[in-house]
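Examining the three-dimensional arrangement
Each chain, letter by letter, is given below.
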Amino acid sequence: MSNWPNSDDNLFSSSLASYLDRKILILLRDGREFLGTFRSFDQYANIVLEGTLERIMVGNLFCDIPLGLYIIRGENVMLIGERESDEKELPPHMTCVSVAEIRKAQKEELKGSTTRKMDFLDFD
Amino acid sequence: QLFFSYFKDLVGREVTVELKNDLAIRGTLHSVDQYLNIKLENTRVVDEDKYPHMRSVRNCFIRGSVVRYVQLPPDGVDIELLHDATRREARGG
């Protein structure tokens with residue numbers, strides 16, 4: 001039926017083939033989140049994602065950045081999730097903002113966490 | 001190969017996979033492969049409010065290299081069997 005190489009060609013195969021052409025979510029090791037349509041993969045879990053959106057969430061704000069067709073190198077992939085219906089898609093209680101605003105919020109958050117890390121130095 | 005066989009026997013059980021980024025996901029073990037990549041079904045993130053990303057995800061594939069722990073039901077392990085298999089593997093290696 002399929003040309004995709006599987007080690008066990010049975011129903012319980014731990015293969016990404018079952019997610020092909022579906023809407024998926026990918027979490028990367030650096031914490032980034034990508035949504036899109038899963039088009040291709042290989043034994044290293046390199047991924048081809050069509051209609052990619054990077055979803056950035058900071059506090060109660062979020063922003064989706066359209067990125068087009070992406071190839072993601074497998075070593076960065078942490079998790080691939082199969083997305084269900086779109087209704088639960090938009091994060092609840094969260095406001096959609098522009099790219100500029102979310103970048104500002106990211107910078108604020110980064111500044112906040114670095115200042116907290118330096119607290120032990122007891123500067124005045 | 002030993003843990004690959006071990007996980008294959010656990011297919012269908014409910015497990016909690018804790019990733020290296022501290023994210024913990026509970027689900028039914030659907031399948032595993034030679035790299036110990038894991039596919040889970042009926043997934044629910046432990047502490048869902050802290051990680052809103054996966055609300056609409058019910059099945060997922062987890063790359064083996066990012067797993068820190070796989071938490072099993074206490075009766076999920078036949079300790080004697082595992083012990084014997086390990087001794088055999090150690091002798092052969």
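Going by what an unreviewed UniProt entry lists, chain B is known as U6 snRNA-associated Sm-like protein LSm2 and is assigned to Capsicum baccatum. Per UniProt, the comment on chain B under Sequence similarities (unreviewed entry) is "Belongs to the snRNP Sm proteins family." Entered under Subcellular location (unreviewed entry) in the UniProt record, the comment concerning chain B runs "Nucleus".

In the annotation of an unreviewed UniProt entry, the entry for chain A reads U6 snRNA-associated Sm-like protein LSm1, and the organism field reads Capsicum baccatum. What UniProt states about chain A under its Function (unreviewed entry) heading is, verbatim, "Component of the cytoplasmic LSM1-LSM7 complex which is involved in mRNA degradation." Among the UniProt annotations of chain A, the heading Sequence similarities (unreviewed entry) holds the following wording: "Belongs to the snRNP Sm proteins family."

The next thing to look at is empty space enclosed by the protein. Where empty space is left can be seen by rolling a probe of water-molecule size over the atoms. All names here are of chain B. Within the structure shown, the criterion is met by two cavities of 30 Å³ or more. Taken as a whole, the second largest cavity encloses approximately 40 Å³ of empty space. Forming the boundary of the second largest cavity are Ile25, Thr43, Arg44, Val45, Glu48, Met54, Arg55, Val57 and Arg58. At the level of elements, strand S3 (38-45) and strand S4 (57-62) are the ones that each hand at least two residues to the lining of the second largest cavity. Among the elements that line the lining of the second largest cavity, the one with the most residues is S3, at three residues. Of the residues belonging to the lining of the second largest cavity, the class tally is four nonpolar, one polar and four charged.

Time to look at the nonpolar core. Among the nonpolar cores identified, the biggest contains 26 residues, and Leu79(A), Val17(B), Leu19(B), Ile25(B), Leu40(B), Met54(B) and Ile62(B) are the most heavily contacted of them. The set of elements that each furnish at least two residues to this core consists of strand S1 (23-28) and strand S5 (77-83) of chain A together with helix H1 (2-9), strand S1 (14-19), strand S2 (24-32), S3 and S4 of chain B. For Met54(B), the residues in contact, after removing those within four places along its chain, are Leu25(A), Leu27(A), Leu79(A), Ile25(B) and Val45(B). Counting 15 residues, the second-largest nonpolar core is a separate cluster that includes Leu16(A), Ile72(A), Ile80(A) and Phe61(B).

The rules behind the values
Chains are numbered independently. Their residues run from 1 in the order of the written sequence. Chain A is the first chain written and ligand 1 is the first ligand written, with later ones labelled in order. Only residues with pLDDT of at least 70 get local features here, since the model is predicted, and only at 80 or more are side-chain atom pairs given and counted; chain-wide, interface and lining totals rely on the full set of residues. For the side-chain quantities, the full set of heavy atoms in the structure was used; hydrogens and water were omitted. UniProt positions are given in the numbering used here, feature names are shortened, and annotations may be inferred rather than shown by experiment. Two kinds of site are reported from a 1 Å grid over the protein atoms alone, namely cavities, where a 1.4 Å probe fits but cannot get out, and pockets, open sets with protein on both sides within 12 Å along at least five of seven lines, and residues are called lining when an atom falls within 4 Å of a point. Grid points are joined across faces, edges and corners, and a volume is the space filled by probe spheres set on the points. Note on conventions: DSSP H or I runs of at least 4 residues are helices, E runs of at least 2 residues are strands, and numbering of each starts at the N terminus. Gly counts as polar in this scheme, as do all residues outside two lists: the nonpolar Ala, Val, Leu, Ile, Met, Phe, Trp, Tyr, Cys and Pro, and the charged Asp, Glu, Lys and Arg. Nonpolar cores are built from buried Ala, Val, Leu, Ile, Met, Phe, Trp, Tyr and Cys residues. Side-chain atoms within 4.5 Å join them into one set. Think of it in three bands: residues with accessible area under 20% of the maximum for their type are buried, residues over 50% are exposed, and the middle band is partly exposed, with areas taken using a 1.4 Å probe on protein chains only. Every residue pair with non-hydrogen atoms within 4.5 Å of one another is taken to be in contact.

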